[in-house]
Amino acid sequence: MSKCTGISWLGVKTQKFEEMKNFYQNILGLSMDTEYKGFCAFKAENGDTFEVFDEDVNEYPHFTSSPVAGFQVDDIYAVRQNMEGAGIEFIGDIDGNPERSLWAHFRGPDDNIYELKWVAPSKPKT
């Protein structure tokens, strides 16, 4: 199964904590690292961290909006197909340049906008 392979760090506060927790773990394939009431942290294969805060439990009042997060994936076409099969709504087509990178925006279960991102492998310098 193709899946998310990396994010550097991102935190998101949401009113739909349980739905988003399920989405990150069971649809994007991130591994749960830490969980306690109203908070969970996920780790990608490369060690990057993504934290989710329940808006009703969040102890960080300054954390009020959700950024657009780019989730690096190993196969953007397969991941998109899997997500669409799970009912995730995409906004437009896969865009970009296959020589460099491709991306596709989608609406998460919390109605925020996110992005799948694929980056072309580095070519050896000659």
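Structural data are supplied above this passage.
Residues numbered from 1 in each chain as written. Predicted model: local features only at pLDDT ≥ 70, side-chain atom pairs only at ≥ 80, totals over all residues. Heavy atoms only, no water.

(A) Region of interest: helix H2 (residues 76–85). Within the span of H2, buried status applies to Ile76, Val79, Arg80 and Met83. Burial along H2 is one-sided: seen end-on, the buried residues are contained in an arc of 100 degrees. Seen from the open side of H2, the exposed residues pointing more than 90 degrees away from its buried face are Tyr77, Gln81 and Gly85. Buried positions along H2 lie against helix H1 (17–27), strand S6 (70–73), strand S7 (89–97), strand S8 (101–107) and strand S9 (113–119). Between a side-chain oxygen at the N-terminus of H2 and the backbone nitrogen of Tyr77 the separation is 3.1 Å; the capping residue is Asp75. Gly87 sits one or two positions beyond H2 and adopts a positive phi of about 90 degrees. (Buried < 20%, exposed > 50% of the residue type's maximum accessible area, 1.4 Å probe, protein only. Helix = DSSP H or I, 4+ residues; strand = E, 2+ residues; numbered from the N terminus. Arc of directions from axis to C-beta. Contact = heavy atoms within 4.5 Å. Polar contact = N/O pair within 3.5 Å; in protein donor to acceptor, adjacent residues only side chain to side chain.)

(B) Fine view of the pattern of salt bridges. Per the counting criterion, the structure on display carries 4 salt bridges. Across the pair Glu18 and Lys21 runs a salt bridge, and its minimum N-O distance is 3.3 Å. Placement of the pair is Glu18 and Lys21 together in helix H1, with a separation of 3 residues, close to one helical turn. On the basis of relative accessibility, which here comes to 48%, the residue Glu18 falls in the partly exposed class. Overall, Lys21 belongs to the buried group, its relative accessible area being 14%. The shortest N-O distance in the salt bridge between Glu89 and Arg107 comes to 3.5 Å. In this pair, Glu89 sits in strand S7 while Arg107 sits in strand S8, placing the two residues 18 residues apart along the sequence. Several salt bridges share partner residues, and in doing so they unite Glu18, Lys21 and Glu35 into one network. (Salt bridge = Lys/Arg side-chain N within 4 Å of Asp/Glu carboxyl O.)

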